[in-house]
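Analysis of the macromolecular model
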Amino acid sequence: MDYNRFISSYYRGEQKGNYMIRKMALLAETTPEAVDLTSGMPSRDTFPISSATFKCKNGTTLELSEDEMKDITPYQSSQGMTELLTWIRKFHEKYHSPPLMDNENSERRFDICVTPGAMGAMSVLFPIIMERNDVVLLEAFNYPGTTNNIDKVLAYPIELSMDEFGVKPDALVDAIVNWKQKTIESGAPNPDDLNPPKVFYTVPIGHNPTGIVVPLQRKKEIYKIAQKYNLLIVEDDPYFYFQYDEQIFTPSYQSIDVDGRVIRIDSMAKFFAPGLRIGWVTGPSKIIRTVIPAQVSATIAPGAFAQIAVLKLFGKTGMVGFQDRIQELKHFYKPKRDLSVSLLKKHLKDDVEWIEPQAGIFLWMKLKNLADSMIFIDSEDCRKYGVFVVPGAGFLVRPKGPCPYLRISFTRMSTEDLEKGIICLSQWIKDATRKELSGI
């Protein structure tokens, strides 16, 4: 593949962000017998924390010794700690088995860069694979942080219609072939200045906000379209391990990527802890090797303390510990998903339609009798009814007119509060419907 097509003009040619300071420091690391006068790093002996202990809920204690604490005080590799990269590689080999993982002599070979969460991955990846006036294709509904990152590079997002299996293949083809007309219809201020689409961004498992899981057959159809029209697929997949009703996980786009055209974003946010800010981006080496120096400009490197926390937990328990964590989360969240659905059936079946989420942590519903869910943004009514939800307009690429959808999350609260919240929401919807019908 010609990866120059997918790398923005700013990042083509000389590697941006590859500072001379960083280059010399990395060179010095390879010659330990020489005197290193390069980096502006504080002395290891000045770090005020001498040791740390992580106490896990299962009774396990994970210790960080004084020497280990000193090891994480310097600036770390911009790609990520070596031990964590090794663990991620094993992890992807087991769960995704990238076809190009062992293709060591190719720009298409599998590569990794650890990032400060999924949003950190987007913030360094998007300016590389997108630039001003690029048309970017993505689902009709999206997490606003994603569209904000697209907007920051001055690219132009075009939303694709969805069904219960995700983006419709014919909608993707239509947007690729008729992209100029689509931009005109969407109200683009400068359609003649825009560039044809080359990137398709997707959240295929437990899609936020709809909860949809894209089945393997649909992914194969989408991948063939990407091959035909030479698209890069960005697979943002933080809910992959939150698949509730499958004994075997629905395979990822990365698992069928024979060309090196899939860039995958993973995150520990929902799986471990959001505050740790640990994620990673994987894919063809040509792209990932551009992400690494770009990260130097953004954050230098991901936080070492967070990286070593992940390593200590899964380094000790191995892949078995990771699998146990998957089952733990599934057994914790699936009853909440089931309770949410049963409560909707009990209290709201005449007022809303919904898709039962097969993965993820969100429940997406459509109001049957109300045209616009923006009524639920009124702060006084939120307090009056004692419940807060997110109107669907918050997930539109460019809101136009009324939007009858809304999203709830069922993960954080107790079963008692979950039931209370849906009963309160039911009362609010019924009251609003009566007002609507009576013309008040």
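One structure accompanies this document, and this report is about it. Only a predicted model underlies this, so the values are computations on that prediction, with no experimental measurement involved.

Let us now look at the pattern of salt bridges. Taken as a whole, this structure holds 17 salt bridges when the rule is applied. When the shortest N-O distance is used, the salt bridge between lysine 334 and aspartate 338 registers 3.3 Å. Note that lysine 334 and aspartate 338 are positioned in helix H10 (residues 304-347) at a spacing of 4 residues, about one turn of the helix. Among the residues examined, lysine 334 registers a relative accessible area of 24% and is labelled partly exposed. Notably, a salt bridge pairs aspartate 431 with arginine 434, separated by 2.3 Å at the nearest N-O pair. Taken together, the residues aspartate 431 and arginine 434, both in helix H12 (residues 415-438) and 3 residues apart, mark about one turn of the helix. Among the residues examined, aspartate 431 registers a relative accessible area of 17% and is labelled buried. What you see here is one network of salt bridges that share partners, running through Glu235, Asp237, Arg264 and Asp266.

Taken together, the 7 strands give an open sheet; going across it, the order is E3-E11-E10-E9-E8-E4-E5, and neighbouring strands pair in mixed fashion. Each end of this open sheet is capped by a strand with a single partner; those strands are strand E3 (110-115) and strand E5 (156-160). Geometrically, the sheet is characterised by an average inter-axis angle of 25° between neighbouring strands, direction not taken into account. Note: strand E9 (residues 232-236) against strand E10 (residues 262-267), 4 bridges, orientation parallel. Each residue of the ladder has a partner; that of glutamate 235, found in E10, is arginine 264. Taken strand by strand, helix H5 (residues 144-152) contacts strand E4 (134-139), E5 and strand E8 (195-202), and its axis lies near 175° from that of E4.

This part covers the packing of aromatic side chains. For the structure shown, the criterion picks out 28 aromatic pairs. Each ring, one from phenylalanine 91 and one from phenylalanine 322, has its centre 4.7 Å from the other, and the planes form 80°; the classification is edge-to-face. Of this pair, phenylalanine 91 sits in helix H3 (residues 82-95) while phenylalanine 322 is found in helix H10, placing the two residues 231 residues apart along the sequence. An aromatic cluster of at least three residues, connected via ring pairs, comprises Trp87, Phe91, Tyr95, Phe240, Tyr241, Phe249, Phe271, Trp280 and Phe322. Above the face of the tyrosine 95 ring, lysine 94 is positioned so that its terminal group lies 5.7 Å from the ring centre. Over the aromatic face of tyrosine 253 sits the side chain of lysine 219, whose NZ or CZ is 5.5 Å from the ring centroid.

With that settled, consider the nonpolar core. The biggest cluster of nonpolar side chains holds 60 residues, and the ones touching the most others in it are Tyr241, Phe322 and Leu425. Listed by contribution, the elements that provide at least two residues to this core are H3, E3, H10, strand E13 (362-367), helix H11 (379-385), strand E15 (405-409) and H12. Ranked by residue count, the leading element in this core is H10, at 12 residues. In contact with tyrosine 241, not counting residues within four places along its chain, are Phe91, Tyr95, His96, Phe249, Arg264, Asp266, Phe271, Phe322 and Ile326. Formed by 33 residues, the second largest nonpolar core is a distinct cluster that contains Ala118, Phe126, Tyr201 and Leu232.

For the rest of this paragraph, the subject is H5. Along H5, the residues that are buried comprise Gly145, Thr146, Thr147, Asn149 and Ile150. In this fold, the buried residues of H5 make contact with helix H4 (117-129), E4, E5 and E8. Following H5 by one or two positions, leucine 154 adopts a phi angle in the positive range, close to 65°.

So, on to the pairing of E4. Regular strands place side chains that alternate from one sheet face to the opposite one. The buried count for E4 comes to 6 of 6 residues, which makes it a mostly enclosed element. Sheet analysis places E4 next to E8, joined by 4 bridges and oriented parallel. Bridge pairing in E8 places leucine 137 opposite phenylalanine 200. Relative to E5, E4 runs parallel, the two being bridged by 5 bridges. Following the sheet pairing, leucine 138 is matched in E5 by glutamate 159. Viewed along the sheet, the connection from E4 through H5 into E5 turns out right-handed.

Take the sheet that holds E13 next. Remark on secondary structure: sheet strands pair via backbone hydrogen bonds, oriented parallel or antiparallel. Read across the sheet, 4 strands follow the order E12-E13-E15-E14 without closing on themselves; strand pairing throughout is antiparallel. The open sheet has two free edges, formed respectively by strand E12 (352-355) and strand E14 (390-391), since each of these has just one partner strand. Looking at chain direction, E14 and E15 are connected through 2 bridges and run antiparallel. The residue bridging valine 390 from the neighbouring strand is arginine 407, located in E15. Along the sheet, H12 contacts E12, E13 and E15; its crossing angle with E15, the most-contacted strand, is approximately 165°.

Along the chain, asparagine 142 turns up in the loop between E4 and H5. A distance of 2.6 Å separates a polar side-chain atom of asparagine 142 from the backbone oxygen of glutamate 139. Those residues in contact with asparagine 142 that sit more than four places away from it in its chain are Thr147, Tyr201, Asn208, Pro209, Gly394 and Phe395.

For the coordinates displayed, the defined rule picks out 0 disulfides. In this structure cysteine 403 is a free cysteine whose sulfur lies 16 Å from that of cysteine 382, the closest cysteine sulfur available. Since its relative accessible area comes to 5%, cysteine 403 is described here as buried. Of all cysteine sulfurs, the one in cysteine 382 lies closest to cysteine 424, which takes part in no disulfide; the gap is 11 Å.

Basis of the calculations
Residues numbered from 1 in each chain as written. Predicted model: local features only at pLDDT ≥ 70, side-chain atom pairs only at ≥ 80, totals over all residues. Heavy atoms only, no water. Salt bridge = Lys/Arg side-chain N within 4 Å of Asp/Glu carboxyl O. Helix = DSSP H or I, 4+ residues; strand = E, 2+ residues; numbered from the N terminus. Buried < 20%, exposed > 50% of the residue type's maximum accessible area, 1.4 Å probe, protein only. Pairing = 2+ DSSP bridges. Axes fitted to C-alpha atoms, helices over the stretch in contact; angles between N-to-C directions. Contact = heavy atoms within 4.5 Å. Phe/Tyr/Trp six-rings, centres within 6.5 Å; stacked < 30°, edge-to-face > 60°. Lys NZ or Arg CZ within 6 Å of the ring centre and 35° of its normal. Core = buried A, V, L, I, M, F, W, Y, C linked by side-chain atoms within 4.5 Å. Right-handed = clockwise from strand over helix to strand, strands pointing away. Polar contact = N/O pair within 3.5 Å; in protein donor to acceptor, adjacent residues only side chain to side chain. Disulfide = S-S within 2.5 Å.

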